[in-house]
Amino acid sequence: MRRYDRPFRWAGRGLIRYTGPLSFPVLHYGYDGWSAPQDLPMQRDDAGWVAAIPTAGRHVVDCVVRSARSQECDNNDGADYRLWIGLDPVDAHTHVRAPGGGTLGFDSLRTAAFSGGMTHALVSWTDNDLVEIVAEATPWLTPLVWVRPGGPDPADVRRRLAAGGAGLKLHPAYDGYPADTPGLDPYLRVAQEAGVPVTVHSAPGPADPDLIRRLAERFPAVRFVLYHTYLGPPEGRKRALRHAAALPNLYLETSWCRSAEAERLLDELGPDRVLFGSDAATDGPDHYVRRPPNIEMTENYNTGLLRLAQRLAPDVFRAFISGNARKLFSLPPAYPQRRRRLFRRPSL
Ligand SMILES: [Zn+2]
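### Digging into the sheet that holds strand β12 (residues 141–143)
The strand order across the open sheet formed by three strands is β10-β11-β12, and the pairing between neighbours is parallel. The outermost strands of the open sheet, each flanked by one partner alone, are β10 (90–95) and β12. Adjacent strand axes in the sheet meet at a mean angle of 30 degrees, parallel and antiparallel pairs treated alike. In the sheet, strand β11 (residues 120–124) pairs with β12 via three bridges, with the strands oriented parallel. Across the sheet, residue Leu122 finds its bridge partner in β12, namely Thr142. Of the strands in this sheet, β11 and β12 are in contact with helix α2 (residues 128–136), which crosses β12 at around 150 degrees.

Set out below in structure tokens:
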């Protein structure tokens, strides 16, 4: 199948390849939030259309294409495309509830992920069959298996993990059970056997980090990811951080956290157990580029991530946006290792 691949990618150092629907595309691009925009006609190659651009000293290329022949344009439904220079970002927290657009629709997720320059994403929803079908048709999506006490059958979970599921997803608030319930134990034993992580919605009430900590203490060999770190007031985030500092099998994911908060978590917990995630596309196709901004009304994901890229040490940012999730969930690298080395040399 492979029908839903990214239309833009790096084909080599400073070389952008476009494989979308437009022919004779002219690349319209800018750097790090559309500074110094320029136009460049793309050339045909064996796999699509390519253009070589300088990348030295830049973090991202933002771009769209228009056709030189027809004036049609491909601007990712108005959200634009983003390519990270020398990085293969992973969104560790996304959902698909239906085909098509709208909140949590597959088209919305696709637009959102491409607008943020994500090269891979972990996806989950209560309907495991739908998520599996979508991930099967989408090379940059890897499914998590949604479980709750009493269902699905652990044998079914085992089968889904063997078929490519990268971990489990728990949502104690949505499904209405306390996060430390023994009803989860059969699933956690499956996760332990399979050696896969368990992601848990973390928020006030039944999904409180204090309860998630008890679960993590009961299964010290299972790695748990606190989705959102804590979707609530700062005191809960502090508790989540404290628990993660005490238990080496707890990881923090930063959806709906401002970049300053993500930076603080990385500072205090260290660079190895904090992961980027966005909860796309709960805000629809412009989830990453919302205006007015959707993260505490002060930032959107694209501005926050660029700010982190500019402030953090390169290795710390790389671990946060790509390496930690790839390692934890055993995701494939997006580029061959030898090509990664090319990226580290001074660019064109
Ligand atoms: Zn979510």
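### What about the coordination of the zinc ion?
Distances from the zinc ion to its protein donors, His93 (NE2), His95 (NE2) and Asp279 (OD), fall at 2.1 to 2.3 Å. Here the donor residues of the zinc ion share one chain and are spaced in sequence as H-x1-H-x183-D. Of this pair, His95 sits in strand β10 while Asp279 sits in the loop between β18 (274–275) and α9 (301–311); the two residues are 184 residues apart in sequence, bridging distant segments of the chain. With respect to class, His95 is no different from Asp279; both count as buried.

### Points about helix α5 (residues 185–194)
Taken together, the buried positions of α5 are occupied by Asp185, Tyr187, Leu188, Val190 and Ala191. Where α5 is buried, its residues contact α3 (154–162), β14 (168–170), β15 (198–201), α6 (209–218) and β16 (224–227). Just downstream of α5, Gly195 is the residue with a positive phi angle, here 70 degrees.

### What about the packing of α3 against α5?
Packing of α3 against α5 leaves a shortest axis separation of 10 Å and a crossing angle of 30 degrees. Here α3 is positioned roughly parallel relative to α5, judged by the angle of their axes. Pair α3 / α5 crosses with right-handed handedness. Across from Pro154, Val157, Arg158 and Leu161 in α3, the residues of α5 making contact are Pro186, Tyr187, Val190, Glu193 and Ala194. Of the residues contributing to the contact of α3 with α5, the split by class is seven nonpolar, no polar and two charged.

### What to know about helix α8 (residues 259–269)
Listed as buried for α8 are Ser259, Glu261, Ala262, Glu263, Leu265, Leu266 and Leu269. Where α8 is buried, its residues contact α7 (234–246), β17 (250–253), β18, α9 and α10 (314–328). Immediately beyond the C-terminal end of α8, within one or two residues, lies Gly270, with a positive phi of roughly 95 degrees.

### Considerations on the sheet that holds strand β6 (residues 48–52)
Across a sheet, paired strands are connected by hydrogen bonds in the backbone, their directions being either parallel or antiparallel. One open sheet holds the four strands; their spatial order is β1-β2-β6-β5, and the pairing between them is antiparallel. In the strand order of this sheet, the two ends are held by β1 (8–12) and β5 (43–45), each with one partner. Each neighbouring strand pair of the sheet contributes to a mean axis angle of 40 degrees, computed without reference to strand direction. Pairing analysis gives four bridges linking β1 to strand β2 (residues 15–18), with the strands arranged antiparallel.

### Points about the environment of Pro206
Along the chain, Pro206 turns up in the loop between β15 and α6. Considered as a pair, Pro206 and Tyr174 are 32 residues apart in the sequence and their alpha carbons are 9.3 Å apart. Those residues within four positions of Pro206 in sequence are excluded, and the remaining contacts are Pro172, Ala173, Tyr177, Pro178, Ala179 and Leu211.

### A word on the domain arrangement of the chain
On domain assignment, one finds that the chain holds domain 1 (8–83) and domain 2 (89–328). A separation of 30 Å is found between the C-alpha centroids of domain 1 and domain 2. Contacts between the two partners involve 10 residues from domain 1, matched on the other side by 11 residues from domain 2. Of the roughly 830 Å² buried at the junction of domain 1 and domain 2 (both faces included), carbon and sulfur atoms supply 58%. Of all residues in domain 1, His59, Ala79 and Arg82 bury the most surface against domain 2, accounting for 61% of the area lost on that side. The interface formed by domain 1 and domain 2 contains zero salt bridges. At the junction of domain 1 with domain 2, the criterion picks out four residue pairs in polar contact (both at pLDDT 80 or more).

### Focus: unusual backbone geometry
Residue Pro152 is reached from Gly151 by a cis peptide bond, and omega for that bond is -5 degrees. With phi around 50 degrees, Phe24 is a residue other than glycine that occupies positive phi space. Even without a glycine there, the phi angle at Asp77 is positive, about 55 degrees. With respect to the helices and strands, Asp77 occurs in the loop between β8 (73–74) and β9 (81–84). Here Asp77 falls in the exposed class, since its relative accessible area comes to 69%.

Rules and cut-offs
Residues numbered from 1 in each chain as written. Predicted model: local features only at pLDDT ≥ 70, side-chain atom pairs only at ≥ 80, totals over all residues. Heavy atoms only, no water. Pairing = 2+ DSSP bridges. Helix = DSSP H or I, 4+ residues; strand = E, 2+ residues; numbered from the N terminus. Axes fitted to C-alpha atoms, helices over the stretch in contact; angles between N-to-C directions. Contact = heavy atoms within 4.5 Å. Donors = N, O, S within 2.8 Å, 3.2 Å for Na, K, Ca; no water. Buried < 20%, exposed > 50% of the residue type's maximum accessible area, 1.4 Å probe, protein only. Parallel < 35°, antiparallel > 145°, perpendicular 65-115°, else oblique. Left-handed = near helix turned anticlockwise from the far one by under 90°. Nonpolar A, V, L, I, M, F, W, Y, C, P; charged D, E, K, R; others polar. Domains from an automatic or database assignment. Buried area = accessible area lost by both parts, 1.4 Å probe. Salt bridge = Lys/Arg side-chain N within 4 Å of Asp/Glu carboxyl O. Polar contact = N/O pair within 3.5 Å; in protein donor to acceptor, adjacent residues only side chain to side chain.

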